[in-house]
Amino acid sequence: MAIVDIEGVRKVYHRDSQEITVLDGINLRVPEGEFVALMGPSGSGKTTLLNLIAGIDRPTSGRVMVAGTDLSLLSEGALASWRSHNVGFIFQFYNLIPVLTAVENVELPLLLVRMSKAQRRERALTALRVVGLADRALHYPRQLSGGQEQRVAIARAIVTDPKVLVADEPTGDLDARSAQEILELMETLNKQFRKTIVMVTHDPRAAERAHVQRHLDKGVLTA
Amino acid sequence: MRYLPYILKHLRRNWMRTGSTIVAMSICIFLFCTLQTLIRAVTFNLKSANANILVMRHAVSLVFNLPIAYKERIASVPGVTRVGIANWFGGSRRPGEFRDFFPNFAIDDAFLEMYPEYIIPPDQEQAYRQDRRGCIIARKLSVERGWNIGDTFQLESFIPPYRVGRPFEFVVRAIYDADEKRHPGTVDNLMFFHYEYLYEMTNQRAGIGTYRIQIADPAQAGAISKAVDALFENSDAQTHTETEAAFRAGFVSLAGNLAYLLNAIGLAVTFTILLVTANTMSMAVRERRTEIAVLKTLGFPSGLVMGLILTESAALGALGGALALGLSSLAIGNLTKLPFIGDAVRGFPDLGLHPLVALLGFGLAVALGVLAGLIPAFLAFRARITDLLRSA
Ligand SMILES: Nc1ncnc2c1ncn2[C@@H]1O[C@H](COP(=O)(O)OP(=O)(O)OP(=O)(O)O)[C@@H](O)[C@H]1O
Ligand SMILES: [Mg+2]
């Protein structure tokens, strides 16, 4: 069964009196364990689609099923709780919290879970080990390079052990080498940890890492 | 609790802004606590007023004295049980210098009969009555100054008719304790001496500052006041008689008006601080739009995000409040040393930061903090993740 199952999704924005159709009848099935690259020109609706999958936005019409849950049936509160258990989000600009250390950033999603302080710290350090940054646990974001920041962000995304990872241009702000490292890490997460990954990217070399490439153009999946 | 480090770290990040907001907040609360204490000190006196004692003074002003001859005529009015005398002497170690001032009065023996709240051992009272220069001092004065029975000290008045070119010399003959049980609020730092002595020293020029008129039935206070004032309606020295409470209230009404004015200023300051803090918070939240989006993306419920912001805001208030309490207790302790204000509050007993005032001040600080955070917190509560991320 597909872990992401999108059917007939439309997303329409209203700006002034104008209607802007950003997604126009999207059907997308992603089997569990898949690594999908979502490509397309700027403004084609990639981020919008990704947000729907991650449950941080709702479609105008159509159905979004992720990890066996019909997201349209969930209230805002239930959706928030669902997100904390089922998806990890990786942003283009890392979006670490500058006043918190690396390990505190990674701990953040665990604050919502009942566990002891020591357990939380242990889990966060484990996640940092997975991304190879255990030795930077006490560093603040500004003391890290871009690639390191993104790896901390990935640790934060996986610390609750979600089934699905969504990434919006995770290498978009990185130099070639750091980008390479991030992609390798994502491959590892996919292969070794069996994470389903949906990644938006402009970079053809990044897309090559994925098993499947999908193209979005003017709100329609073309390939 | 597990969110506390997160909140504190945010406050610390922009320590300049946090610090200046806390200082502004603390000035506001400091003002509140100090003013409330001042007002409390001023109104304190009213509580101890007796309902069955009237005070008669010169109709024009306390500055003018009344003739001694009035005493008999007042006593003849039906319902009057006793008439005593009390003159504000205004004496201090050096005339007009109030650094170590305590209130002192020239009284007659009838006065003592009327005020049982000053508890004096019978043998001491006897000794006082027999010594022309004898005086009665409060236990507190005795302790503070080290004045014991038999000790002498000198005072000089700043009031012109009582200035006789040399100080008055007094012998401590009695020490009174305030009867706090039956008469809570009894002033515990007074000194009394014989009106006779004042009369003599001034070559019989001293008149009567106030007559204290004890009446049998407090309900008759109004009628008797009118009756005694009517006695002297056609005299040179017309009188004004009122209950002791009203007399004291009039005495402090000036201070009361001042308190009103200060309260108004305090309110304006409080409002300003609310705006300052609200501005700090909305700036803090605006520059944290992405961060709020991240928290929500991670699954933090909107209510929790709002709670975090409100807690941060309340913490600002609490820190300001704590600083203010420290400043206030320091300032109130030194209030008597200030020029002008010091003169006004000196003589009020128990001057200090009252726990209730402190609690109110701290509560106000926290409430202001919460209030200031309300709008930004609510905006963060409502904001949609996608909008926050797009506009960042
Ligand atoms: N809240 C909104 N209100 C109005 N229009 C919006 C809103 N969000 C997105 N859009 C519009 O929807 C379209 C698709 O946006 P989206 O961010 O999904 O594109 P994208 O494919 O991710 O582009 P990019 O590659 O530049 O990131 C754009 O034209 C954008 O202006
Ligand atoms: Mg995008």
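Owing to the predicted nature of the structure, the values given are computational and were not obtained by experimental measurement. (Residues numbered from 1 in each chain as written. Chains lettered and ligands numbered in written order. Predicted model: local features only at pLDDT ≥ 70, side-chain atom pairs only at ≥ 80, totals over all residues. Heavy atoms only, no water.)

### Things to note about the interface of chain B and chain A
What counts here: Only heavy atoms matter for contacts: two residues are in contact if any of them lie within 4.5 Å across the pair. Defined here as a combined quantity, buried area equals the accessible surface (1.4 Å probe) lost by two parts on assembly, summed across both. Counted as salt bridges are all cases of a side-chain nitrogen of Lys or Arg within 4 Å of a carboxyl oxygen of Asp or Glu. We call two N or O atoms a polar contact when they sit within 3.5 Å, provided that within protein one can donate a hydrogen and the other can accept it, with sequence-adjacent residues counted only if both atoms are side-chain atoms. Labels follow the DSSP assignment, with helices taken as runs of H or I lasting at least four residues and strands as runs of E lasting at least two, numbered in each case from the N terminus. Here the nonpolar group is Ala, Val, Leu, Ile, Met, Phe, Trp, Tyr, Cys and Pro; Asp, Glu, Lys and Arg are the charged ones; every other residue, Gly included, is treated as polar.
The interface of chain B with chain A comprises 22 residues on the first partner and 25 residues on the second. Approximately 2000 Å² of surface area, both sides summed, lies buried where chain B meets chain A, with 67% of it carried by carbon and sulfur atoms. Considering only the surface of chain B that becomes buried against chain A, B:Arg2, B:Lys9 and B:Leu298 emerge as the three largest contributors, covering 29% of it. The partner of B:Lys9 in a salt bridge is A:Glu104, with the nearest N and O atoms 2.4 Å apart. If you look at where chain B meets chain A, you find six residue pairs in polar contact (both at pLDDT 80 or more). Contributions of two or more residues to the side of chain B that touches chain A are made by α1 (4-13), α10 (289-297) and α14 (385-391) of chain B. The biggest single contributor to the side of chain B that touches chain A is α10(B), with six residues. Taken together, the residues of the side of chain B that touches chain A sort by class into 10 nonpolar, five polar and seven charged.

### What to know about the sheet that holds strand β10 (residues 220-221) of chain A
Strands in a sheet are paired, the pairing made by backbone hydrogen bonds, and the direction either parallel or antiparallel. All names here are of chain A. Which entries qualify depends on this criterion: One requirement defines pairing of two strands: DSSP has to find at least two bridges between them. Helix axes use the C-alpha atoms of the stretch in contact, all axes being lines fitted to C-alpha atoms, and the angles between their N-to-C directions lie in the range 0 to 180 degrees.
A sheet is described by the order of its strands in space; here six strands give the open sequence β6-β7-β8-β3-β9-β10, paired in mixed fashion. Of all strands in the sheet, those bounded by a partner on one side alone are β6 (87-90) and β10. Here strand β3 (residues 35-39) pairs with strand β9 (residues 212-217) via four bridges, running parallel. Looking at the pairing, methionine 39 lines up with histidine 215 of β9. Packed onto the sheet, helix α2 (residues 76-86) meets β6 and β7 (164-168) and runs at close to 80° relative to β6.

### A few points about unusual backbone geometry
Residues and elements named next belong to chain A. Here is the rule: Exposure categories follow from relative accessible area, calculated using a 1.4 Å probe and restricted to protein chains: below 20% of the type maximum is buried, above 50% is exposed, and the middle band is partly exposed.
Not every positive phi belongs to a glycine, and alanine 67 is a case in point at roughly 50°. Tracing the sequence through the fold places alanine 67 in the loop between β4 (61-66) and β5 (69-70). Using a relative accessible area of 23% as the deciding quantity, one classes alanine 67 as partly exposed.

### Focus: the environment of A:Glu7
Residue and element names in this part refer to chain A. Counting through the fold element by element, glutamate 7 comes out in strand β1 (residues 2-15). Each C-alpha atom, one on glutamate 7 and one on valine 103, is 38 Å from the other, the two residues being 96 residues apart in sequence. Those residues in contact with glutamate 7 that lie beyond four places of it in its chain are Ile26, Asn27, Gly62 and Arg63.

### Focus on the pattern of salt bridges
All names here are of chain A. If you walk through the whole model with that rule in mind, you get 28 salt bridges over all chains. Arginine 121 is the partner of glutamate 107 in a salt bridge, and the nearest nitrogen-oxygen pair spans 2.6 Å. Of this pair, glutamate 107 sits in helix α3 (residues 102-107) while arginine 121 sits in helix α4 (residues 117-130); the two residues are 14 residues apart in sequence, bridging distant segments of the chain. Look at glutamate 107 and you get buried, because its relative accessible area is 11%. Sharing partners across several salt bridges, the network here consists of Asp5, Glu7, Arg29 and Arg63.

### As for the sheet that holds β4(A)
Residues and elements named next belong to chain A. The strand order across the open sheet formed by four strands is β2-β1-β4-β5, and the pairing between neighbours is antiparallel. Bordering the open sheet on either side are β2 (18-31) and β5, each of which pairs with just one other strand. Two strands pair when backbone bridges link them, and β4 and β5 are joined in this way by two bridges, in the antiparallel orientation. Within β5, the residue paired with valine 66 across the bridge is threonine 69.

### Things to note about the packing of α1(B) against helix α11 (residues 302-333) of chain B
Residues and elements named next belong to chain B. This is how the line gets drawn: Angle categories: roughly parallel below 35 degrees, roughly antiparallel above 145, roughly perpendicular from 65 to 115, and oblique for all the rest. A clockwise turn of the near helix away from the far one marks a right-handed crossing, whereas an anticlockwise turn of less than a right angle marks a left-handed crossing.
The contact between α1 and α11 brings their axes to 10 Å, and the two run at 60°. One element, α1, and the other, α11, form an angle in the oblique class. Where α1 crosses over α11, the handedness of that crossing is right-handed. Here α1 contributes Tyr6, Ile7, His10 and Leu11 to the contact with α11, which in turn contributes Leu308, Thr311, Glu312, Ala315, Leu316 and Leu319. Class assignment of the residues belonging to the contact of α1 with α11 gives a composition of seven nonpolar, two polar and one charged.

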